Amino acid sequence: MIDTTTLWIIIIGLGLGSFFLRFVFTGLVGDRAMPDWLLRHLRYTAVAVLPALVAPQVLWPSATGGDPDPARMSAAVVTLTVGLLTKNVLAAMLAGAATLYGMLYLLA
Amino acid sequence: MAFTTAKSAYLKGLADGSPFILVIIPFSLLFGLVAVEAGLSVFETLAFSVVVIAGAAQFTALQLMQENAPTVVILASALAVNLRMAMYSASLTPYIGSAKLWQRALMAYVTVDQSYIVSIAKFEKEPQMTVPQRVAYFFGAVTPVVPLWYAFTLVGALLGAQVPDSWALDFAIPITFLAMIAPMFRTLAHVVAALVAVVVALLAAGVPYSLGLIIAGIAGMMAGARTELWLTQREGAKP
């Protein structure tokens, strides 16, 4: 069982820490100018961080204990392809979900 | 599309954020279920989601608590998972840095992957947006996400039963992120940034405290910035 005091220390600590991480630049830098080289790097934040977050989950999903899973891998490929072709987030998500459940059903 | 008022920017944000409803509901349900299963009360579970408001970090903390990891390790690991929020904050600053302080504070609290990615894509595409329009758009994009995150955490906690693994809810987040990333590959530099980030993330998968993600993110950002410089120089060298 999780100790109540520990739990609240974690909830509050994580809340404060997460807020600080989200506020550190918008709050402290505000409208002061940032150097060009930094802005040039920041332009690629989303396009670098999100694929880095997703890649290990696609190749080694924790749901299968880290074993590569054909259903999840095909769902990832279909989502990305539909997204690239249509530029439509909703269409890509639905195509990915349909592929995931279709493949899980066929492979079961 | 040009905005005339902050209200129309808010509504556009709302429309652009609404596809995430499909993902937020199962994901927050799952957190509620898993937290109650781990021994948290309904109130503690809801408080966790309201105070921390970060899905992946919450799951990390919960898992480590169940393994009886030291409190400091739990905090460090979960915050490492959330380090990307500092990158998001930095990347939003040029666009919203001059907004009112209370607006920036409130935006910081509701900065999640979904609100960030929808907004930054919009801000880049339409640089003529005014700061109040950007703020309104951001809050629009987050409106379909955050209240549902609270509500369905609560529903999951109240249901309190275990979700069968066959529902494959673990993959809701990867699918959303892939769907969101795809339209962002606008230049070669974006593609290079993503490819480098993926390769480094896979190589660094064993780095403790989820720091592999941060290393990979920084590597991808550097690769993107280098490619951009190189492309500009080559463009300038042309006769």
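The shown structure was predicted, so the numbers you read here are calculated from the model rather than taken from an experiment.

What counts as what
Residues numbered from 1 in each chain as written. Chains lettered and ligands numbered in written order. Predicted model: local features only at pLDDT ≥ 70, side-chain atom pairs only at ≥ 80, totals over all residues. Heavy atoms only, no water. UniProt positions renumbered as here; feature names shortened; annotations may be inferred. Helix = DSSP H or I, 4+ residues; strand = E, 2+ residues; numbered from the N terminus. Axes fitted to C-alpha atoms, helices over the stretch in contact; angles between N-to-C directions. Parallel < 35°, antiparallel > 145°, perpendicular 65-115°, else oblique. Left-handed = near helix turned anticlockwise from the far one by under 90°. Contact = heavy atoms within 4.5 Å. Nonpolar A, V, L, I, M, F, W, Y, C, P; charged D, E, K, R; others polar. Phe/Tyr/Trp six-rings, centres within 6.5 Å; stacked < 30°, edge-to-face > 60°. Buried < 20%, exposed > 50% of the residue type's maximum accessible area, 1.4 Å probe, protein only. Polar contact = N/O pair within 3.5 Å; in protein donor to acceptor, adjacent residues only side chain to side chain. Domains from an automatic or database assignment. Core = buried A, V, L, I, M, F, W, Y, C linked by side-chain atoms within 4.5 Å.

## Examining the UniProt feature "transmembrane region" (unreviewed entry) in chain B
All names here are of chain B. When the UniProt feature table is mapped onto this chain numbering, "transmembrane region" (unreviewed entry) sits at residues 20-40, 46-65, 135-161, 167-185 and 192-225. End C-alpha to end C-alpha, residues 20-40 measures 27 Å, and it is 81% helix and 0% strand. Annotated as residues 167-185, this span is 53% helix and 0% strand, and its ends, taken at the C-alpha atoms, are 31 Å apart.

## Thoughts on the packing of helix α1 (residues 4-28) of chain A against helix α5 (residues 71-81) of chain B
At a minimum axis separation of 10 Å, α1(A) and α5(B) run at an interaxial angle of 30°. With respect to α5(B), the axis of α1(A) lies roughly parallel. Pair α1(A) / α5(B) crosses with right-handed handedness. Counting all contacts with α1(A), which are made through Thr6(A), Ile9(A), Ile10(A), Gly13(A), Leu14(A), Gly17(A), Ser18(A) and Leu21(A), the residues of α5(B) involved are Thr71(B), Ile74(B), Leu75(B), Ala78(B) and Leu79(B). Split into classes, the residues belonging to the contact of α1(A) with α5(B) amount to 8 nonpolar, 5 polar and no charged.

## Comments concerning the packing of aromatic side chains
All names here are of chain B. For the coordinates displayed, the defined rule picks out 11 aromatic pairs over all chains. Taking the centre distance of 5.9 Å and the plane angle of 35° together, the rings of Phe27 and Trp149 count as tilted. Taken as a pair, Phe27 in helix α2 (residues 21-37) and Trp149 in helix α10 (residues 146-159) lie far apart in primary sequence, 122 residues in all. A single burial state applies to Phe27 and to Trp149, both of which are buried. Between Tyr88 and Tyr116, the aromatic rings sit 4.0 Å apart at their centres with planes inclined by 10°, giving stacked as the arrangement. With Tyr88 in helix α6 (residues 84-96) and Tyr116 in helix α8 (residues 113-125), the pair connects residues that are 28 residues apart, well separated along the chain. With a relative accessible area of 0%, Tyr88 lands in the buried category.

## What to know about the side chain of Thr93(B)
Note on placement: Thr93(B) falls in helix α6. For Thr93(B), a relative accessible area of 2% gives the class buried. At 2.7 Å, the side chain of Thr93(B) and the backbone oxygen of Ser89(B) are in polar contact. Once you skip the residues sitting within four places of it in the chain, Thr93(B) turns out to touch Phe25(A), Thr26(A), Val29(A), Gly30(A) and Met34(A).

## Concerning the domain arrangement of chain A
On domain assignment, one finds that chain A holds domain 1 (1-32) and domain 2 (36-107). The C-alpha centroid of domain 2 of chain A is placed 28 Å from the C-alpha centroid of domain 1 of chain A.

## Observations regarding the nonpolar core
Grouped together as the largest cluster of nonpolar side chains are 98 residues, with contacts concentrated most on Leu14(A), Phe48(B), Ala61(B), Met65(B) and Phe177(B). Ranked by the residues each element gives to this core, the list is headed by helix α3 (residues 45-59) of chain A, at 9 residues. Setting aside chain neighbours within four positions, we find Leu14(A) in contact with Ile9(A), Phe48(B), Val52(B), Ala57(B), Ala61(B), Leu75(B), Ala78(B) and Leu79(B).

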